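Observations on chain architecture
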Amino acid sequence: MDLQHINRSAFAIAEKHDLGLDEAYAKMTNAVVWLIADESIKTSYSKQLSYLTTINIAHRVFLGGVKCILPFDTPNMLPIQSESLNTLVNHFGGLITDEDYKEEDIKVLFGIECFDVNCIEAVGNGWRGGVNFYKQERVFFYETRSVFSLGSIASASIASYYAFCKTFKILDEEIELNTGISLWNLNSGEKWHKMENDGPQELNMPRNIWALGLGHLGQAYLWTLGLMPFKEPQKSLLLLQDADTIDSENIGSQILCFENNIGKPKTRPCLEFLEALGFRTQIVEKPFIKGDSSQDWMENFPILLNGVDNIITRKSISNEYLDLFLDGATNGSLALFDSFTMKNIFRIEKNINELWPEAINNDIILHKKLYDKYEKTHKCGQLTNIGISTPFVGLLGATVVVSELLRSLNYGKVYSIITLQIRDLSNITAIENGNYGKELLRFAV
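Conventions we followed
Residues numbered from 1 in each chain as written. Predicted model: local features only at pLDDT ≥ 70, side-chain atom pairs only at ≥ 80, totals over all residues. Heavy atoms only, no water. Phe/Tyr/Trp six-rings, centres within 6.5 Å; stacked < 30°, edge-to-face > 60°. Helix = DSSP H or I, 4+ residues; strand = E, 2+ residues; numbered from the N terminus. Buried < 20%, exposed > 50% of the residue type's maximum accessible area, 1.4 Å probe, protein only. Pairing = 2+ DSSP bridges. Axes fitted to C-alpha atoms, helices over the stretch in contact; angles between N-to-C directions. Parallel < 35°, antiparallel > 145°, perpendicular 65-115°, else oblique. Left-handed = near helix turned anticlockwise from the far one by under 90°. Contact = heavy atoms within 4.5 Å. Expected span 1.5 Å × (residues − 1). Core = buried A, V, L, I, M, F, W, Y, C linked by side-chain atoms within 4.5 Å. Polar contact = N/O pair within 3.5 Å; in protein donor to acceptor, adjacent residues only side chain to side chain.

**Concerning the packing of aromatic side chains**
In total, this model carries 24 aromatic pairs according to the counting rule given. Judged by centre distance (6.5 Å) and plane angle (75°), the rings of Phe-337 and Phe-392 are edge-to-face. Separated by 55 residues along the polypeptide, Phe-337 in the loop between β12 (324-330) and β13 (339-344) and Phe-392 in helix α12 (residues 391-408) bring together distant segments of the chain. Its relative accessible area of 2% is what places Phe-337 among the buried residues. What links up through ring pairs into an aromatic cluster is the set Phe-62, Phe-133, Tyr-161, Tyr-162, Phe-164, Phe-168, Phe-337 and Phe-392.

Shown next as structure tokens:
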């Protein structure tokens, strides 16, 4: 088996259960998840976005199929063009069915209270998103006219994570407590779902953005930002920079990549997605090198969403024209594969060497069991630094980064560093640093 081109989620399953990667991948090809919605999805933007996002995540890790039950001919309320939500479901990898599910099947619910231990209800609205479990006091949001993406995408990400962990038995904990996140108040803890932790709905939106690195984080930023309620998206310009082409392993974690994109530059499906929503784009299909961010024309892109996981690149980015530099990072080991860190670079009082210290040992073994298993038959170096990469972690991280961007334009709290792990969202660490003022409003529409 070609270790470089396997679905990155297989590494988590293999390492957890001491399996070969071929065995882990075989489990993925047999895994099925059910998505079940009631009639309320017909008139709910938030439920429709959560449902579609869950499909877009789930078909990349449940390779046996994403079986969908939803009302026939549900009108499409999303800005992605389609005659109906049902058509979008099919386009993004869902399988609409009238089959009967079983109690032992893993089920993600939308508008339906959990009815057995294998259910997870996704609940999201506005700036808040999370999940309910069986026999827990149900978190419920009254339906609003919100066309906000953050809470819906967060709920889809968290629900998909728990569906993955239940299916492949990744977590050892047996007690499941309702959990979620407020993206307006990251320190709300167990009160994440309270109304006081929702944020404003009428927002200033960003005008020009530089998206550097279009892997699983970069594409997640674009999905989340693109589905925000821009009144005039044509007034916003996104600079998309990445030099890589799409390969088979990218399909498993990168939310805008599909099989028909293999062999194309990563910029192209990103461009197609955004322009179909009405945004303007520019593309740069070369690696970032020192000096790129100091060119005169970069003055047009004062906001950077960085998805490049490379210390040298991060340290080479100049602040000459940037006013907001948001950096996201995940971890590829099993113990931390569901973790995410955001750094708000210009709000942290540290130099670049403190922000991004050089690794003492560049040959860190991320997957010890796999390393030992393949030591005699493969080049060990192939397994030392291929990290676990999943679409649900990327998308939840994207809601954190995009929420910081939106707070910067709407007088919200400043967070200099945010760290979280999905399995324990009640203990998010978010370092507050005052409130944003008017300093970035000139970059808004």
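**Concerning the sheet that holds strand β2 (residues 65-69)**
Taking strand neighbours across the sheet as the criterion, the seven strands line up as β3-β2-β1-β4-β5-β6-β7 in an open arrangement whose pairing is mixed. This sheet does not close on itself; its edge strands, each paired only once, are β3 (94-96) and β7 (179-182). Strand after strand, the sheet turns through a mean of 20° between neighbouring axes, direction not considered. For strand β5 (residues 119-125) and strand β6 (residues 128-132), the ladder comprises five bridges, and the chain directions are antiparallel.

**Examining the packing of helix α3 (residues 45-58) against helix α5 (residues 150-168)**
Pairs of packed helices are described in terms of their axes, by the angle between the two and the distance that separates them. Where α3 contacts α5, the axes come no closer than 8 Å and their chain directions differ by 40°. Compared by their axis directions, α3 and α5 come out oblique. In this structure, α3 meets α5 at a crossing whose hand is right-handed. Taking contact as the criterion, the partners of Ser-46, Leu-49, Ser-50, Thr-53, Thr-54 and Ile-57 in α3 are, on α5, Ser-152, Ile-153, Ser-155, Ala-156, Ser-157 and Ser-160.

**Quick notes on the sheet that holds strand β15 (residues 429-435)**
What the eight strands build is an open sheet, ordered β10-β9-β8-β11-β12-β13-β14-β15; its pairing is mixed. Looking at strand neighbours, the two that pair on one side only are β10 (280-284) and β15, the edges of this open sheet. Each neighbouring strand pair of the sheet contributes to a mean axis angle of 15°, computed without reference to strand direction. Here strand β9 (residues 237-241) runs beside β10; their pairing, made up of five bridges, is parallel. The residue of β10 that forms the bridge with Leu-239 is Gln-282. Running over the sheet, helix α7 (residues 267-276) touches β9 and β10 and is turned about 170° from β10.

**Comments concerning α3**
The terminal C-alpha atoms of α3, which comprises 14 residues, lie 20 Å apart, in line with the 20 Å expected from a rise of 1.5 Å per residue. Buried residues dominate α3, accounting for 14 of its 14 residues.

**Describing the nonpolar core**
In terms of nonpolar packing, the biggest core is built from 117 residues, with Tyr-51, Ile-181 and Trp-223 touching the most fellow members. Looking at which element gives the most residues to this core, the answer is α5, with eleven residues. Setting aside chain neighbours within four positions, we find Tyr-51 in contact with Leu-35, Ile-36, Ala-37, Ile-41, Cys-68, Ile-69, Leu-70, Val-89 and Phe-110.

**Things to note about unusual backbone geometry**
Its identity is not glycine, yet Asp-73 carries a phi of approximately 55°, on the positive side. Along the chain, Asp-73 turns up in the loop between β2 and α4 (85-91). Using a relative accessible area of 47% as the deciding quantity, one classes Asp-73 as partly exposed. Here the phi dihedral of Lys-135 falls at roughly 60°; this positive angle occurs in a residue that is not glycine. You can see Lys-135 is positioned in the loop between β6 and α5. Judged by relative accessible area, Lys-135 falls into the exposed class, the value being 71%.

**Describing the pairing of strand β14 (residues 413-421)**
The pairing of β13 with β14 spans five bridges and is antiparallel. Within β14, the residue paired with Ser-339 across the bridge is Gln-421. Sheet topology note: the β14/β15 ladder contains five bridges and is antiparallel. Considered in β15, the bridge of Ile-417 is made with Ile-431.

**Side note on the side chain of Ser-253**
Looking at the secondary structure, you find Ser-253 in the loop between β9 and α7. Within polar-contact distance, the side chain of Ser-253 engages the side chain of Ser-389 at 3.4 Å. For Ser-253, the residues in contact, after removing those within four places along its chain, are His-216, Ser-389, Thr-390 and Pro-391.

**Notes on the side chain of Gln-48**
With respect to the secondary-structure elements, Gln-48 resides in helix α3. Of note is the side chain of Gln-48, whose polar atom sits 3.0 Å from the backbone oxygen of Ile-41. Setting aside chain neighbours within four positions, we find Gln-48 in contact with Ile-41, Lys-42, Thr-74, Pro-75, Asn-76, Met-77, Leu-78 and Leu-85.

On their own, these measurements won't tell you what the molecule is for.
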